[in-house]
Structures are given as C-alpha cells and as structure tokens.
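# Chains, contacts and geometry: an overview
Below are the chains, spelled out letter by letter.
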Amino acid sequence: MSGPPPDRPAVPSTPPSVAGKKAPAEEPFIVTALLSLLGASVWMALRPELLLQFFYSPELLALTHLVTLGFITSLIMGVLLRLSPQAHGVPPRSGVMARVQFVLYLVGWSGMVLHFHQGLWRGVAWATLVVWLATLLQLWNFRGVLGLAWRGHVVAAYVAAALVNLVLAASLGVSFAFLHGYGVGG
C-alpha cells in the first residue's frame, strides 16, 4: 500500500521551482507584526499598571506605537503585498522597493518606540520621517491600485483611500513629532 495513512492527508512537497527562491516581500512585514504583538503582550503582562496611568506617558506611547505601527500597520502592509496581486491583478512595481520599504519601516517604527520609551522627542521626530518615507514607497509601489480606482474599480478605490490615508496619517505624525521636538510644524 502506497501513500499516506487514511487518517492523515498527503502533505505536498515543495516544488523544485520554489525551493531556493527568496522569501516573498510580505514575509518580513508579517513576521514583524507577529513579533510586535508578542512583544506588546509580554510588555503588558509585565507592566499592567500602564493601563491605569496617564495616557500620554512615554512608556505608554511606546507601547501604543508598538501595537499600532509594529503590529497593525506592518500586518496591513504585508497583507497588501500578498493580496493585491491576487485581488486586483496589481503586483507591487518592485520587489526591491518593497524590501527597501520594509527596512525603512523597521528602522522608523522601532526608532519611534525606543525614543518614545526614553522620552526623546527629537529622536521620535526623525524616526517618524523614516516611517513617512516608507509609506510613500508603499504608495509608489502600488500606484497601479490608484489607477484602477480612478477607472472606477470599487474595491481598488477603498484600497487607494487606505494607501493615501496611511501617508496622510504618517504626515500628521511627522508634523506632530517635529512640533513637539523642535517647535516647528503644525
């Protein structure tokens, strides 16, 4: 008798064409999101009193950005890289740019979390600028979605709105951080 036992389905082996290829561009975003969620969960387990204090404390701002940027936004960026080619037929313009975006994003949000934790607003300001650059790269990499939205594709219109909103939110973060750190902006 050949094949797997009847109670276990066959597990397909990795095709030779896939073996040895680079990981897809979305994987670093997804792994980062999961590690951020794990880190935030451990942080909250060790410091539950953070939820009882002033919401604008440096440590709570760091934790908030670990969840919002490290988990939620990173997950969104990774999922967009995975699903946009399938859902809209619009792949990212460049896998290399997606990897550059990830590096900028990782440096930016981790810099924000560290500088928030230390209460160093000037460091936060420069880190927000790096995150903003990463959001611009994502918008550039998925400008094909903007074209679909312009032609009336309803789902693409929502994705395009989300892409633009992410850049606007990052712009607001840059503005606020530079206002707080340097007294410029508004």
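Here the structure is a predicted model, which is why all the values come from computation and not from measurement.

Turning our eyes to something else, we now look at the overall build of the protein chain. From N to C terminus, the protein chain includes six helices and zero strands. Along the protein chain, helices and strands appear, N-terminal first, in the series α-α-α-α-α-α. Per-residue burial for the protein chain yields a buried fraction of 37% across its 186 residues. Taking as baseline every contact in the protein chain between residues at least 6 positions apart, the subset at least 24 positions apart corresponds to 74%. Of the accessible surface of the protein chain, which amounts to about 11,000 Å², a share of 72% is contributed by carbon and sulfur atoms.

A separate point is the side chain of Ser-84. Tracing the backbone through its elements, the reader meets Ser-84 in helix 2 (residues 58–87). In this structure the side chain of Ser-84 is engaged in a polar contact, spanning 3.1 Å, whose partner is the backbone oxygen of Val-90. Contacts of Ser-84, omitting those with residues within four sequence positions, involve Val-79, Gly-89, Val-90, Phe-142 and Val-145.

What follows covers the pattern of salt bridges. Under the defined criterion, the tally for this structure stands at three salt bridges. With a closest N to O distance of 2.3 Å, Glu-49 and Arg-47 form a salt bridge. Of the residues examined, Glu-49 reaches a relative accessible area of 35% and is grouped as partly exposed. A salt bridge links Glu-59 to Arg-47; its shortest N-O distance comes to 2.5 Å. Within this pair, whereas Glu-59 is found in helix 2, its partner Arg-47 is found in the loop between helix 1 (27–46) and helix 2, the two being separated by 12 residues in sequence. Each of the salt bridges in this network shares a partner with another, and the network as a whole consists of Arg-47, Glu-49 and Glu-59.

Attention shifts here to the packing of aromatic side chains. For the coordinates displayed, the defined rule picks out seven aromatic pairs. With a centroid separation of 6.3 Å and 45° between ring planes, the pair formed by Phe-29 and Tyr-105 is classed as tilted. Of the two residues, Phe-29 is situated in helix 1 and Tyr-105 in helix 3 (residues 95–118); the sequence distance between them amounts to 76 residues. Of the two residues examined, Phe-29 and Tyr-105, each falls in the buried class. Taken together, Phe-29, Phe-102 and Tyr-105 form an aromatic cluster joined through their ring pairs.

What follows covers the packing of helix 2 against helix 3. It is at 7 Å that the axes of helix 2 and helix 3 come closest, and there the two elements cross at 165°. When the axis of helix 2 is compared with that of helix 3, the two are roughly antiparallel. In this structure, helix 2 meets helix 3 at a crossing whose hand is left-handed. Within the contact between the two elements, helix 2 uses Pro-58, Glu-59, Leu-61, Ala-62, His-65, Leu-66, Leu-69, Gly-70, Thr-73, Ser-74, Met-77 and Leu-81 and helix 3 uses Ala-98, Gln-101, Tyr-105, Trp-109, Met-112, Val-113, Phe-116 and His-117. Its residues placed into classes, the contact of helix 2 with helix 3 shows 13 nonpolar, six polar and one charged.

Before going further, it helps to spend a moment on the packing of helix 1 against helix 3. At a minimum axis separation of 11 Å, helix 1 and helix 3 run at an interaxial angle of 15°. Our classification of the angle between helix 1 and helix 3 gives roughly parallel. As helix 1 packs across helix 3, the resulting crossing turns out to be right-handed. Contacts between helix 1 and helix 3 pair Pro-28, Phe-29, Thr-32, Ser-36 and Trp-43 from the former with Ala-98, Gln-101, Phe-102, Tyr-105, Leu-106, Trp-109, Val-113 and His-117 from the latter.

Procedures and definitions
- Residues numbered from 1 in each chain as written.
- Predicted model: local features only at pLDDT ≥ 70, side-chain atom pairs only at ≥ 80, totals over all residues.
- Heavy atoms only, no water.
- Helix = DSSP H or I, 4+ residues; strand = E, 2+ residues; numbered from the N terminus.
- Buried < 20%, exposed > 50% of the residue type's maximum accessible area, 1.4 Å probe, protein only.
- Contact = heavy atoms within 4.5 Å.
- Areas by Shrake-Rupley, 256 points an atom, 1.4 Å probe, with all protein chains shown as cover.
- Polar contact = N/O pair within 3.5 Å; in protein donor to acceptor, adjacent residues only side chain to side chain.
- Salt bridge = Lys/Arg side-chain N within 4 Å of Asp/Glu carboxyl O.
- Phe/Tyr/Trp six-rings, centres within 6.5 Å; stacked < 30°, edge-to-face > 60°.
- Axes fitted to C-alpha atoms, helices over the stretch in contact; angles between N-to-C directions.
- Parallel < 35°, antiparallel > 145°, perpendicular 65-115°, else oblique.
- Left-handed = near helix turned anticlockwise from the far one by under 90°.
- Nonpolar A, V, L, I, M, F, W, Y, C, P; charged D, E, K, R; others polar.

It is worth stressing that arrangement in space is one thing and function is another; only the former is reported here.
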